[in-house]
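In case you want the letters, here they are:
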Amino acid sequence: MPTLDDILEHVGEFDRFQKQTFFVLCLLSASFTPVYVGVVFFGFTPEHRCSSPGVAELSQRCGWSLEEQLNYTVPEWDGHGASFSSRCRRYEVDWNTTGISCTDPLGSLVRSGSSVSLGPCRDGWVYDSPGSSIVTEFDLVCEDSWKLDVFQSSVNAGFFIGSLNIGYIADRFGRKFCLLTTILANVVFGILLVFVPTYLWIVIIRFLQGLVSKGCWTAGYILVTEVVGPQYRRTVGILYQAAFSVGLLVFDAIAYTIPHWRWLQLTVTLPTCFLLLYYWCLPESPRWLISQGKNDKAMKIVRNMAKTNRKKMPSHFEDIKFEEEDCGKQTPALMDLFRTPQIRKNTLILMYNWFTSSVLYQGLIMHMGMAADNMYLDFLYSALVEFPAAFIIIVTIDRVGRRYPWAVSNLVAGAACLATALIPEDVHWLKVITACIGRMGITMAFEMVCFVNTELYPTYIRNLGVMVCSSLCDIGGVIVPFIVYRLAEIWHELPLIVFTVLGLIAGGLVLLLPETKGRVLPETVEDVENFQRQSAPEAKKIYLYAKEQK
């Protein structure tokens, strides 16, 4: 009997209708960028030092240059303020005292042989930045620097909780309803972020934004892959993720133009209001409608698809009916992911790789933002390498397979992190190149784990397997700010060493997974346990029945 995929062969698998749907959903994918990696610009930490009352007036009276002022009045200043004391401590002296020497100001303020004590920055900080970020607005430096970690972790915690709930909404109420409600919520939370006055409320709204934004992106991914034919699904899925990379370039350009974080947040949020027009220009997924027994609505979309694609739908395709071939329907349970040896191995390796992909991907972006001479240029370079990553995947997965390119991409990412850590700071251009190579490697690994995950589980636990394993991605996102920002205080390159270990282990573990190239999706546990078989039972299908003509 014909399937829905069979009818797509007649009305178009990736023709005008699907291309229009794909294009408008790519706008959604690109708009997710500021939520996912916005901390690079929203939370940028510029060079800073304690504000000391009276220093500016003394510097003006003595005619000091800025460098002379810093050398005289900032502890342990070595030309670029790299030490903790130069950023977070100040001399406990009164710079408003009369009679201070312009050639030896500290010597004139303390007794001979005495040392000058250091104290905390009681009067705030001076930031060497023309713009603003949440760091400069709320002084998230020194003893309060951990609050920046919480700012980023909150959105990832929202991703973790929201993905579970939004997935239910998409399956229960439809892809289109899910998209529209989450887009509206994301717009509201994005605008609220611009106006809330306190750090606590920013963290709360950032968490709420995370609750809806990733689920929204995922619902778009599901919809775009459900309206195309089977031979285009993987490519369309990869290109949908590549649209996120386009969003990186646009976000970088906007951030360069608007260096003030509240105006930047407003600028990237307002255009997403236009995504609410999806109510008129996006179809519901016909596959979801069929699964809900709404056959008439599904057929209406299929006819519109044929009309838009300028194709004639065969007259014998008149109705769609969903049937289960397998009468012994199984109910998925969490323990099914660990019950048998091969599935247990798949689950543990996939969970680790989701975790590692998130930590390295977000971590490299954050670390590059910290280390950058020009964070806008370095962000641009690292974003550009995501396009060859997508191209390499498309070229290799059906020729070479999944396992070896996936393993190599993890190994390259880990090795590049090690090389970046070992290259001296005075060869910054080489550090940027190796960091970009690492970014390309982990981008490939991230995109590959998305679709390989679905190929390693039997039908009845496939969605559960993807949901559980991918949740480690969000847990990694919660942890990574603490890895990057806290370990960098010990040694600036220490986060890269951690990334190296994680990446190399991930690459080795991937080699323990079975190759899925050219294999039919497994239907039963036995299929997974005996994955060397070249065939598997016929997959569950959506059938098209022809009505009798009276």
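What comes next concerns the included structure. Everything numeric here is computed off the predicted structure, so don't read it as measured data. (Residues numbered from 1 in each chain as written. Predicted model: local features only at pLDDT ≥ 70, side-chain atom pairs only at ≥ 80, totals over all residues. Heavy atoms only, no water.)

Further remarks concern the side chain of E515. The residue E515 is located in the loop between α24 (494–510) and α25 (525–529) in this model. Although E515 is buried, it forms no salt bridge, and the closest oppositely charged side chain is R403 at an N-O distance of 4.6 Å. A distance of 3.1 Å separates a polar side-chain atom of E515 from the backbone nitrogen of R403. Dropping the residues within four chain positions of it, E515 is found in contact with G401, R402, R403, Y404 and F531. (Helix = DSSP H or I, 4+ residues; strand = E, 2+ residues; numbered from the N terminus. Buried < 20%, exposed > 50% of the residue type's maximum accessible area, 1.4 Å probe, protein only. Lys, Arg positive; Asp, Glu negative; His and termini not counted. Salt bridge = Lys/Arg side-chain N within 4 Å of Asp/Glu carboxyl O. Polar contact = N/O pair within 3.5 Å; in protein donor to acceptor, adjacent residues only side chain to side chain. Contact = heavy atoms within 4.5 Å.)

Looking now at the nonpolar core. The biggest cluster of nonpolar side chains holds 124 residues, and the ones touching the most others in it are L25, L28, Y36, F41, Y278, W406 and F499. Among the elements that make up this core, the one with the highest residue count is helix α18 (residues 341–371) (13 residues). Setting aside residues no more than four positions away along its own chain, L25 makes contact with L179, G220, L223, V224, Y240, Y278 and L282. (Core = buried A, V, L, I, M, F, W, Y, C linked by side-chain atoms within 4.5 Å.)

Quick look at a nonpolar patch on the surface now. A grouping of V408, V412, W429, I433 and I437 is seen on the molecular surface, where their side chains present a nonpolar patch of about 450 Å² in accessible area. Going through the elements one at a time, α21 (403–422) and α22 (428–455) are the ones with two or more residues in the nonpolar patch. Take V412: it is sitting in helix α21. (Patch = residues over 30% accessible without salt bridge, like charges linked within 9 Å, V, L, I, M, F, W, Y side chains within 5 Å. Areas by Shrake-Rupley, 256 points an atom, 1.4 Å probe, with all protein chains shown as cover.)

Take the packing of aromatic side chains next. Across all of its chains, the model carries 23 aromatic pairs by this definition. Taken together, the ring pairs connect F32, Y36, F159, W217, Y221, Y240, F244, W354, Y361 and F446 into an aromatic cluster. Positioned above the aromatic ring of F173, the side-chain terminus of R172 is 5.1 Å from the ring centre. Stacked on the ring of Y361, the Lys or Arg R439 has its end atom at 5.1 Å from the ring centre. (Phe/Tyr/Trp six-rings, centres within 6.5 Å; stacked < 30°, edge-to-face > 60°. Lys NZ or Arg CZ within 6 Å of the ring centre and 35° of its normal.)

The next point concerns unusual backbone geometry. Here the phi dihedral of D139 falls at roughly 55°; this positive angle occurs in a residue that is not glycine. Relative to the assigned elements, D139 resides in the loop between α9 (134–138) and α10 (146–173). The class of D139 is partly exposed, set by a relative accessible area of 25%. We note that C142 has phi near 55°; this positive angle belongs to a residue other than glycine. Tracing the backbone through its elements, the reader meets C142 in the loop between α9 and α10. Of the residues examined, C142 reaches a relative accessible area of 11% and is grouped as buried.

Here the focus is the packing of helix α11 (residues 175–195) against helix α12 (residues 199–226). Where α11 contacts α12, the two axes come as close as 8 Å, and the packing angle between them is 150°. It follows from the interaxial angle that α11 and α12 lie roughly antiparallel. Handedness of the crossing formed by α11 with α12: left-handed. For the contact of α11 with α12, the class distribution of residues is 15 nonpolar, six polar and three charged. (Axes fitted to C-alpha atoms, helices over the stretch in contact; angles between N-to-C directions. Parallel < 35°, antiparallel > 145°, perpendicular 65-115°, else oblique. Left-handed = near helix turned anticlockwise from the far one by under 90°. Nonpolar A, V, L, I, M, F, W, Y, C, P; charged D, E, K, R; others polar.)

On to the environment of S153. Structurally, the position occupied by S153 is in helix α10. At a separation of 2.6 Å, a polar atom in the side chain of S153 contacts the main-chain carbonyl oxygen of V478.

To continue, consider the packing of helix α2 (residues 16–31) against helix α13 (residues 230–257). α13 packs onto α2 with a crossing angle of 45° between their chain directions and a minimal axis gap of 7 Å. On the basis of the axis angle, α2 is oblique to α13. Between α2 and α13 lies a crossing of right-handed hand. Across the interface between the two elements, F22, L25, C26, L28, S29 and A30 from α2 touch V236, L239, Y240, A243, F244 and G247 from α13. Here the residues of the contact of α2 with α13 are counted per class, giving 10 nonpolar, two polar and no charged.

Our focus in this paragraph is the pattern of salt bridges. Counted according to the given criterion, the structure contains 18 salt bridges. Between D123 and R90 there is a salt bridge whose closest N-O contact spans 2.6 Å. Taken together, the positions of D123 in the loop between β3 (118–119) and β4 (125–127) and R90 in strand β2 (residues 90–91) put the pair 33 residues apart, joining distant regions of the chain. By relative accessible area, D123 is classed as partly exposed at 42%. Here D398 ties to R402 by a salt bridge, and the two come within 3.3 Å at their closest N and O atoms. For D398, a relative accessible area of 46% corresponds to the partly exposed category.

Attention now goes to the state of the cysteines. In protein chemistry, a disulfide is the covalent bond that joins the sulfur atoms of two cysteines. In the structure shown here, the tally under the stated rule is three disulfides. What pairs with C88 in a disulfide is C142, and their sulfur atoms sit 1.9 Å apart. Judged by the torsion about the S-S bond (-90°), the C88/C142 disulfide is left-handed. Linking C88 in helix α7 (residues 84–88) with C142 in the loop between α9 and α10, this pair joins segments that are 54 residues apart in sequence. Both residues of the pair, C88 and C142, belong to the buried class. As a non-bridged cysteine, C178 has C216 as the owner of its nearest cysteine sulfur, 7.0 Å distant. Here C450 stays unpaired: no disulfide links it, and the sulfur of C473, its closest cysteine neighbor, is 7.9 Å away. (Disulfide = S-S within 2.5 Å.)

Once that is clear, we can look at the side chain of N186. Examined against the element boundaries, N186 turns out to sit in helix α11. Under the relative-accessibility criterion, N186 is labelled buried at 16%. The residues touching N186, leaving out its near neighbours within four places in the chain, are V35, Q209, V212 and S213.

This brings us to α24. Since the α-helix advances by 3.6 residues per turn, residues separated by three or four positions end up pointing in the same direction. Across its 17 residues, α24 extends 25 Å between first and last C-alpha, which sits within 8% of the 24 Å expected from 1.5 Å per residue. Three or more residues of α24 are buried, namely P495, L496, F499, T500, L502, G503, A506, G507 and V510. (Expected span 1.5 Å × (residues − 1).)

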